[in-house]
Structure formats: structure tokens, C-alpha cells
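One letter stands for each residue in the lines below.
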Amino acid sequence: MTEISESAPASLAGVQSGQRLRLLLKSRSGVAGLILVGLLAILCVLAAFGLLPYDPLAQAPQQRLLPPSAAHWFGTDQFGRDVFSRVAAGVASSALIAVVAVAFATVVGTLAGVSAGFFRGVSDAVVSGVTNVLFAFPPLLLALSLASVFDRNWFTIAVAIAIVYVPIFIRVTRGPVLSLREIDFVRAAVSSGQRRAAIMFRHVLPNITSILIVQVTLSLSWAVLTEASLSFLGLGTPPPAPSLGSMIYEARTLVYIAPWTMVAPGVIVVLFVVGLNLLGDGLRDSLDPRNRGRK
Amino acid sequence: MNLVRAVASHRVLRPVISALGTLLGVAVFVFVMLRAIPGNQITAGLGTEAAALTPAQQAALEAYYGLDKPLVTQFFNWLGNIFTGNLGFSSRAQQSVLELTAQSLPVTLELAVFSIVLALLIGIPLGMLSASRPDSPRDAFGQAVGLMGLSIPSFLLATALLAILSATVRFNPNGQAFAYFSEDPLLNLQQMLLPSLVLGFGIAAPIMRTTRTAVLEVRGQDFIRTARAKGVGPRRLQVRHVLKNALVPIVTMTGLQFGYLLGGAVVVEQIFSLPGIGRQVLLGIQQKEYALVQSTVLLIALAFVVVNLLTDLLYRIIDPRVRAE
Amino acid sequence: MIAGRRARRGTAVAVGLSLAGALVLSGCAPAATSTGSAAPSGAAGAGGTLVVGVTSEPDTLFPWKATQFQAVNVLQNIYGTLTEFDKDLNVVPGLAESWDTSSDGLTLTLHLRKGVTFDDGSAFDSADVKFSLDKIKEEATAAVAAASLASVKSVDATDPETVTVHLSAPDAGLLANLGVVNMAMLSSDDTEAALNTTPNGTGPFTLKERKANQSLSLVRNDAYWGDKTKLDGVEFRVIPDESSIVSAMQSGNVQFAVFDDPLVAQTAAAAGLAVAKTPQLSYHVLQLNARKGPLTDVNVRLAMQCAIDRQQVLDTAAAGEGEITGPITSPAFRSDPNSRPCPTRDLTKAAEYLAKAGKPDGVTIKTIVSQGEYSTSVNEAQNLKAQLAEAKITLDLDVLESGAYVDRWIGADFEAAVALNGGRPDPDGAYSRYFTSTGNLNKVAGYSSPELDKLFAEGRQTSDLAKRKEIYTQISNNLEDNAVWIWMFTSYTYTATTSNVTGFTPMANSSLQYLRETAIG
């Protein structure tokens, strides 16, 4: 579920990005995660450029429900569509929604959280109020209701998921910023008369990037799961656009007669989320000073 | 102004008023959001047949469902009714929302409790296993199981389990009419078994990780080394000292998961036909029963807010560092 | 000591494991020991409770407002109507034993059945009939069948066993319209509020109990005027997920279910259940709004008609599970699907029609399609789009969630709509409300003409079956020649039962009325 990373921010400002990458590669989970996500990213690229073996939307009623073979690596579904191509397109679709959702949540959440933490006062009260309200909702129900409001397409679903995630980013960034404010060099900058915005960008943001990076990867994995759950409830991107969740949903009835229609998207969605989680773990290991000595 | 400042810095009043503000925000938000979704109870019930209604019939139905009053009136009527204990009426179920919730909330609570129990039974031992020898195959195994739990979507696991078990060993207690614990404890436990396993497996991972981290942290601390120097046996050390001190973060993490379970169990409730609160809200949204959804969501938010409030107050009283803030 | 604690812990684990094991093993017991499932008692065919798996419970128990099929299915078995349908959808006596129509067609005299009582024990008589019909017509009741009584001027309860209905114009479709559950006969002492909690009907079953979101149980009505039901009762159990219903049937907990998704039916058959396939009255259609955009020109509509291969739509969207159809699906008046300008796909003709319309480079049609209402909607839309694209006709698809779709459909806010509309046993009931200029759904239908108005009026005038068949064939041809809508196909309903269920006859109007003749074991 929503995991909020808890690493300490202050001492990381000095770590260079090259050093970070090396640390990431040293972590076993990081490498495994990178490989998995990389493989799936290749699938996304293939789907985006139409380089798939079959058109994911092309129906061929004669080739209905064929088991996996050389011609169709993952078999065909109830409409004769190639499952491998659909899964690849589904990965691309889920990835798109997850990335857009998390990007939106990161930008909005970070800006709100940092402003609230830095400027305090009214902006803090408003932001905290909104965060509390959104947090009080059960997340899946919130996403589901928001997704029902507008015409359903990948963008509105991404926005719905993003809104569920904004409070988490606000909370994750506001805390560290509150403590950073009190640190000497920030205090010095304020008293020396530097503009507030400049201080935010130059001193505060770099220190919270590592937390953000970890939170982003974790949120990506949960966004993929949420999108799949929404599709499963019939509230995701409308068909026939392939989506991993709706493929699993449609395959429910086929599990006895054509198990590959559920196994393929199921395994891929698990691998996707596992990959993102491993990547997140690896990043956390490499960025968290407490763990740096061990792995 | 002095009054506002006094309230704002008061140790108890401030969180309470903040909680009330949050609840009001939730009420407004859910009220507006529901009405933003296209359709209303008339079209949800009649579907395309609603096109055949004459204007007089339409007006009669709107009056019947309370949709004819201005929005602001509807809002304050609903909110006002809540204070008198009237959470609204579901014309579909012909029961008050309070009655419906009294029937469905215990189901979800029971599911949540069992899921957490199972998650703890899976997560804590795995976490301790992993922590006993970090970076060993044991550790990798524990972490892998946790990772699986985190990554397998609950609906996938639920569907697969149900399909396989009913086809092969004909185990499907959820195919029978739902039995409350008070009616038929044995059947009830059977019906809760698979859903709690699915949900528990999902939340075992964070618990496992928290256990592992906490145990590792505690083990490195001085008083443990002192105890070991004094000759306390490893097993006793593990349970008595390490686990006890690691309990605080574990409990916090468990609390977090509980909140998620209240709303996130809706998919599992659907698949296993459990008449819980998640399904109640989902049905309410589908049938556009505004009062039902509003009141139920508000109740869930209330539970969440109250728990947070109590924890917050508790921390303020217990932890002197927080008090000084 | 440590050893003692270890031993205690070990015992605790052992006890826990055996408890868990017992729990799981007892769940594996065969269906016969589980509560609530079929318990064959005594002679074969006598008694038992049939468990029907449904994905949701009725949204109302008031028959005059019920349109969702879960509600209709349940209420049909609790309430009675003046006329009923047999398995071939012929009108047969119900609460009205017999009837006479005057020679000018303006007076219908109903002779009511004697000795019928409501569930609360009160007698059923003409006062109840007059009350029911009058109330249905009243707008404040918001009864969905009100428009079916448009030709009724007044109703008299001439004596306790006779009702005289005075019509403003002959209405040959009235008797069929009286047979739907929305025309249920209610007791004159009842109110909607009371009936919502405690139904009071004359049907073969009565309501025993209801658990919100869980189940609804019916029990045999021993005071029923017809043959007593073989079943002791029926439990409609809510299992929201269809594949969970199949699982429950496999494990024997549920004995009966109705599906409309051919894939679920295939799975049920593969799981060893008996699946009966029944063609339905409802029809899949691409509705055209002839009052909007490029569709105002009949040539554009004809071009669309000629550019579509209906069999292809059926094959791709519904795995071939259905039959190509014309406008009228009522069995006695069924249209000939080949009697249309383009019975098969003809792209040349389509191009000609487009040229005639002055649009040789093609047109764009804004089309709405619902998602989640029925299983094939979006796939039909996709295939139609692909086919029409080859004729330079672009379907600009708006895939809408149910609430949004209904809103736009009701407001006729579309140029084309992919829809599944309900059919009726009588063609007048099915279409007069759409295609007559005064019909209450004419706005949605998007088309009317003086010829159709005249034909529909003629169809109501006479009760002679042969004559009516002729008239409705003319109506059907008129609709097709003007490409008013693009009728595609009718699909099936799949009734799945476990092997011990006998005596059920599915009907083309998806009615479950033959539960009264069903038996278990």
C-alpha cells in the first residue's frame, strides 16, 4: 500500500548523482528492479511505435481462444486478438497512466507541500486542511468516484489517481521542509535577505529529492495496481483500449477454458509492480545514509 | 483574535477543531462529487425508460427522491438530519442508512481484523526470519515473499484462488448465503478465510519490512548488547527484548493498513460476495443513492479522523518532545 | 524455563494448525450439508428451495416502477396481471379469465377469475382492477406503463367480477400490454410505501424475507389460484461477480442462473452445467437520429445501411451468438431480415447513395455507445466503425459510462447510438412509442412520418391477426426503406442449471415465470 519513505534528508545534499548511480547498481534489488522495468519499458516502446507482432485491436474471429504457440506467443483471446500484443499495449497504457498520474501528483504535491512547510501560516493551514480531507477518504473509493465524474479516458483516470496521491506527496515533502527551515544555512540565507523562492530552489529542494525519488517509484507501483483495480471494477479506460486490469477482468470467465488469457496479463502486471518495487528498494538503499555501509 | 490564538495553540482543542473541519470538508467534497457524476437516482433506476416519463411524472419522481429541492437545501437537510441520527434512507433497500451500515460495517471490520491478524502471523515471523541473518538466502526469501504480497493485485489472487478451489476441491463457502458470526460462527469463519488470506497476504509486506527494520535497529542498540553480555539466551532475547521494542513501529504500520482496508476491500468483497461497507458504497454510487454514499463515506472518514485524533492526542501526552512543539 | 515456553508455543502452534485444518476440511463437505441449498425431500419433484444466483438485488419492490430485470424477474412471481403470456408469447388469460371486445373496438369487457385472494387475505375483485388501472394512468404515480393505457378513456367496475374498459380508439395491442409486470394488479387498500416493504400480490410465490444486498427469499403461495408450485421456495442470492456465480454453481451452492454474456455461458457449459440458449426479443441496433446533422438526408442513412455486414458485427462482437433481424422481433410478426434495400453489404451502392446525398467524400457521425450496460456494446461499435470507415463514413465514438449514456440518450443528444433495446410480444407495444409523432419516445427515435402514423393507427384498429401481420410488415418495410435505424441482430439469453433442476422453460421476453413449474431433484 502507500509506503511513506522515512529517510533523513539533511546529509544527502553532498551525494553526487554519479555516486548515487553506482550505489544503486551495487544494490541487488536495484539491479533486478532496473532489469525488469527496463524489459517492460522496451515493451512500452515497441507498443508506442507500433512494432508489435499484431495489432492489439485487430479482431480475428477464426483465431478465437488459441493456446500459446509460435504464431501467438501468449495465445489469443475471445475475439482472436493476439494476447502478447495486447499485453504489451496494456503495459504501455498502464505505464502512461501511472507516469502521468504520479508526475501530476509529484509536481502539485511537492509545490503544495514545500510552500506549506516553508511559508507556513495561511498556506499551510489550507494545504493541511485539504490533505486531511483527502486522506480521510478510502483511496480506492475516491479514485473510483473521481473517475466517474468525467468522460472516461486515460487522462481523466490518471488525474483521478493523481488526486488520490497528492496528499501523500504533500505530507512527504512538508515534514522535511519544516525541519530544514530551522537548519543553520537556511536560516542564514533567509536573514541575508535572499528571495524566498531562491532559497526554496537552491537549498530546500535538493535535499528532499532523494525522498521524492523513492516515493515516486513506490507511487508508480501503486498507481499501476490502482489502475488495474479500477479496470477490474469496469471503471478504467474504456475498451477496446487494452489495459492489464480489464484484460484480467475479461479473462475471469475464461479461466477454465483459456487460462492463458488471465495468466499472461496477470504475470506481467505482477512483474511490472515487482520491478518498480525492487527499483524503489534499490533507490532507497542507495540513497539512505543509514544503509550505505551495509550493501 | 486572542480567542482564535488561544484555540489555535490549545493542546486538545486545536486537533479537535481541525478534525471537525476535516469532516466538514469531507461532507462538502463528497456531496459535490456525487452530483458531478452524470445521472441521478431516476435514470439509474429506470435507465433508458426514463425517456418515456412525462414532465409531470418526472416531477413526481424528483419529489419522491428529494431531488427537487435546491442543492444548498439538500446539503443542509442531510447534514442537519445526521445530527439527529437520521443518516438517510435507501429506497432501494427500504432500510435506513444507519440500519444498513450497522449490518455491513461489522462485516468489513471482521474482514479487516482477520486480515490484519493473518498479516501479522505471516509478516512478523518473516520479518524476524529476515532480520535474523541479514543479506542471507533467508533474508532474500523473506523479502521475496513480502514483495509478492505487495505486487500481486488482490483481485487477481482472489479470482484465481476462488476459481481453482471451487473447480478442484469444491471448496466454496462463499457460494452459500452469508452468515454473520453470531448466526453461524463456523460458516462465517470459512467465508472469511479466503478473503482474509488474500488481503492479509497483501498487507503482510509492509509489516514484514517494518519488523525487519525495527528488529535490526533494536538489535544494534546498547541495552541488547548489555543483555547478551549478561548471558541472556538468544531466543529469549529475540522475543522478550527485541520484539517488544520493535512493536511500536509495527503497531503504527498496522494502524495505517487498517485505514486502507476499510475502503480498499471493496474488490475482495465483490468477488467473495461479502456484504461489507465497501460494496454498500459501490452500490450506492452505481444506483446514485446520494444520502447512502454521503453518510457512509462520512462515517468512514469519522472513524479515520477519530483514530488519528486519539493517536495524536496520545502522542502529545506521552511524548514530551512533541508537547514542546 | 525456556524449554517449557517452547513446549507451550509448540502446543499452541499445533492446536492452531489443527483448528485451521478442521475449518478448511469442513468447508470441503459436499453441497448437501450446506445450509440454504437444495434439500430434496420425499418424492422426486416435491419441495426444496431453488437457489438462483443474481448479480444484484431488485432496486424496487413496487411493480409499477420496476424496469431493471432483477426487479422484474422477482416481482413477476409475486404479482399477477390481467393477462399473461405462454411460452410462445401468445396472450393467455391471467387474472382475467376471459374477455370480449365490442364490434366497434371501443369497449373491452374483462371477466375476472373468481376466488383469487391477495397475500394479505383480501379478495381480488373489480374494484382492485379499477383502482390499479386508474392509478397507473395518474401522472403523480409515475408508473412506467402509463403510456400503454393512453387509449383508455375510463374504467368501470360494473360488478365484482366484471370490468368494463372504455377506449377512445380501438387498441389491438392493449391485451398484450396488460400482461407485463408494470401492469400488476394491486389491492385498492395498498399504498406504494407499504408495498415497498411488504409486497401484497396474487402470484404463485410470496416474499418470505429480504436481507439487503444479500438475498431475497420467496416461498410458495398456498392460496394461489393456479397450480401450486412444485418448489417450496426460491432464494435469489446476490453474488456480484458472474464468474463467482459459476463457481458457486460448480460447488452446488447455487442451482440456477441466467447470463447474457456468451463467454460466461461457455464457461458454465465447460464446467459441466446444463445451459439452455433462448433467442430474445431485445434487439441490437445502431440508432440513427434523422433530425440531426448529415443523417437528415435519407441517402446518407441508406449509405450506412449498405455499408454494414451484420453477420460480421455478430461474429466479431458476440462470437456469432445471435440471429440477424429486421425491426420487428415479436415472434408472430417477425420481420424478414432480407427485406431491406441492402440485405448484404454493398459498398458500391453505399458510395452511390453518398454521392446522391452530395457527400462523395464521406461524412462524420457523432456516435454514443455505453460501457458496462451489456457485454457486446463496445465491440459492436468498434466493428461498425471499422466497416463504415471503408465506405468513407466515420463514426466518431464516444464511449460513455452508463449514467452519462442514459442522460444523452434521453435527451436525444446524439447523431447515432449503439443500443440494445427491449422488444415486446406485440409490435405496437414495441414501436408505436418510438415511431409515431405523438409517441413519448419519438424524440429519441429521431424519425416520424404521416405514413407511419397512419399505419400504426391501422395496426391498432383491428384484432385480425392476418390483417395485422400485413400492416406490420408494411411498417417494417417502411422503416427499412427509409433506413430509419440500422437493425442488426437479436442475441440469446443463457439459462444455466445444475443437473437436478427440471421443468423450467426460458422465454423470449426473459421472464422467469416458469419458476412456478420448476422442480429440484
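Keep in mind that this is a model prediction, so the values were computed, not measured.

1. Side note on the state of the cysteines
Residue and element names in this part refer to chain C.
Working step 1: Tallied over the entire structure, the rule returns one disulfide over all chains.
Working step 2: The disulfide that involves Cys306 links it to Cys342, with 1.9 Å between the sulfurs. The sign of the 80° torsion about the S-S bond sets the Cys306-Cys342 disulfide as right-handed. Linking Cys306 in helix α8 (residues 298–306) with Cys342 in the loop between β13 (322–324) and α10 (347–356), this pair joins segments that are 36 residues apart in sequence.

2. Here's the deal with the interface of chain C and chain A
Working step 1: The interface of chain C with chain A comprises 23 residues on the first partner and 19 residues on the second.
Working step 2: The contact between chain C and chain A buries some 1,800 Å² in all, and 55% of this surface belongs to carbon and sulfur atoms.
Working step 3: Together, Leu263(C), Thr316(C) and Gln371(C) form the three largest contributors to the area buried by chain C at its contact with chain A, with a combined 26%.
Working step 4: At the junction of chain C with chain A, the criterion picks out one salt bridge.
Working step 5: A salt bridge links Arg152(A) to Glu401(C); the shortest N-O distance between them is 4.0 Å.
Working step 6: Run the count over chain C and chain A and you get two residue pairs in polar contact (both at pLDDT 80 or more).
Working step 7: Going through the elements one at a time, α6 (242–250), α7 (262–270), α9 (310–318), α11 (377–389) and β15 (393–401) of chain C are the ones with two or more residues in the side of chain C that touches chain A.
Working step 8: Class assignment for the residues of the side of chain C that touches chain A results in nine nonpolar, nine polar and five charged.

3. A closer look at the pairing of strand β7 (residues 162–167) of chain C
Residue and element names in this part refer to chain C.
Working step 1: Counting buried positions over the six residues of β7 gives five, a clear majority of the element.
Working step 2: Alignment of strand β6 (residues 152–159) against β7, held across five bridges, turns out to be antiparallel. Opposite Ser154, over in β7, you have His166 as the bridge partner.
Working step 3: Linking β6 back to β7 in an antiparallel pair, the connection comprises two residues.

4. Regarding the pattern of salt bridges
Working step 1: Applying the stated criterion across every chain, the model contains 26 salt bridges over all chains.
Working step 2: A salt bridge links Lys135(C) to Glu138(C); the nearest nitrogen and oxygen atoms lie 3.7 Å apart.
Working step 3: When the shortest N-O distance is used, the salt bridge between Arg237(C) and Glu235(C) registers 2.9 Å.
Working step 4: By relative accessible area, Arg237(C) is classed as buried at 3%.
Working step 5: Overall, Glu235(C) belongs to the buried group, its relative accessible area being 8%.
Working step 6: If you follow the salt bridges from partner to partner, you end up with Asp77(A), Arg81(A), Arg86(A) and Glu250(A) in one network.

5. What to know about the interface of chain B and chain C
Working step 1: Across the contact, 54 residues belong to chain B and 51 residues belong to chain C.
Working step 2: Buried area between chain B and chain C, both sides added, is near 4,600 Å², and the carbon and sulfur share of it is 54%.
Working step 3: Where chain B touches chain C, the interface holds two salt bridges.
Working step 4: Seen at the junction of chain B and chain C, the total is 18 residue pairs in polar contact (both at pLDDT 80 or more).
Working step 5: Among the secondary structure elements, those contributing two or more residues to the side of chain B that touches chain C are α3 (41–46), α4 (55–65), α6 (97–132), α8 (154–168), α9 (185–219), α11 (234–264), α12 (266–271) and α13 (277–286) of chain B.
Working step 6: Of the residues belonging to the side of chain B that touches chain C, the class tally is 27 nonpolar, 20 polar and seven charged.

6. Regarding the packing of aromatic side chains
Working step 1: Considering all chains together, one arrives at 27 aromatic pairs over all chains under this definition.
Working step 2: For the pair Tyr64(B) and Tyr65(B), a centre-to-centre distance of 5.1 Å together with 75° between the ring planes defines the contact as edge-to-face.
Working step 3: Between Tyr431(C) and Phe435(C), the aromatic rings sit 5.7 Å apart at their centres with planes inclined by 35°, giving tilted as the arrangement. With a gap of four residues between them, Tyr431(C) and Phe435(C) both fall in helix α13 (residues 427–435), about one helical turn apart. With respect to burial, Tyr431(C) and Phe435(C) carry one shared label: buried.
Working step 4: The aromatic ring of Tyr64(B) is capped on one face by Lys65(C), whose charged end is 4.1 Å from the ring centroid.
Working step 5: The residue whose ring lies beneath Arg113(C) is Trp225(C), and the NZ or CZ to ring-centre distance is 4.0 Å.

7. Focus: a nonpolar patch on the surface
Residues and elements named next belong to chain A.
Working step 1: Together, Phe104, Val107, Val108 and Leu111 give the surface a local cluster of nonpolar side chains, amounting to about 340 Å² of exposed area.
Working step 2: Mapped onto the elements, Phe104 comes out in helix α3 (residues 83–119).
Working step 3: By relative accessible area, which is 36% here, Phe104 ends up partly exposed.

8. Describing the sheet that holds β6(C)
Residues and elements named next belong to chain C.
Working step 1: What the four strands build is an open sheet, ordered β4-β5-β7-β6; its pairing is antiparallel. Because the sheet does not close on itself, it has two edges, and the strands there are β4 (96–101) and β6. Geometrically, the sheet is characterised by an average inter-axis angle of 20° between neighbouring strands, direction not taken into account.
Working step 2: Pairing geometry for strand β5 (residues 107–112) and β7, over five bridges, is antiparallel. Within the sheet, the bridge partner assigned to Thr109 lies in β7 and is Thr164.
Working step 3: Relative to β6, helix α3 (residues 126–137) is tilted by about 165°, and along the sheet it contacts β5, β6 and β7.

9. Comments concerning the environment of Ala36(B)
Working step 1: Residue placement: Ala36(B) occurs in helix α2 (residues 13–36).
Working step 2: A C-alpha to C-alpha distance of 43 Å links Ala36(B) and Phe171(B), two positions 135 residues apart in sequence.

Conventions used here
- Residues numbered from 1 in each chain as written.
- Chains lettered and ligands numbered in written order.
- Predicted model: local features only at pLDDT ≥ 70, side-chain atom pairs only at ≥ 80, totals over all residues.
- Heavy atoms only, no water.
- Disulfide = S-S within 2.5 Å.
- Helix = DSSP H or I, 4+ residues; strand = E, 2+ residues; numbered from the N terminus.
- Contact = heavy atoms within 4.5 Å.
- Buried area = accessible area lost by both parts, 1.4 Å probe.
- Salt bridge = Lys/Arg side-chain N within 4 Å of Asp/Glu carboxyl O.
- Polar contact = N/O pair within 3.5 Å; in protein donor to acceptor, adjacent residues only side chain to side chain.
- Nonpolar A, V, L, I, M, F, W, Y, C, P; charged D, E, K, R; others polar.
- Buried < 20%, exposed > 50% of the residue type's maximum accessible area, 1.4 Å probe, protein only.
- Pairing = 2+ DSSP bridges.
- Phe/Tyr/Trp six-rings, centres within 6.5 Å; stacked < 30°, edge-to-face > 60°.
- Lys NZ or Arg CZ within 6 Å of the ring centre and 35° of its normal.
- Patch = residues over 30% accessible without salt bridge, like charges linked within 9 Å, V, L, I, M, F, W, Y side chains within 5 Å.
- Areas by Shrake-Rupley, 256 points an atom, 1.4 Å probe, with all protein chains shown as cover.
- Axes fitted to C-alpha atoms, helices over the stretch in contact; angles between N-to-C directions.

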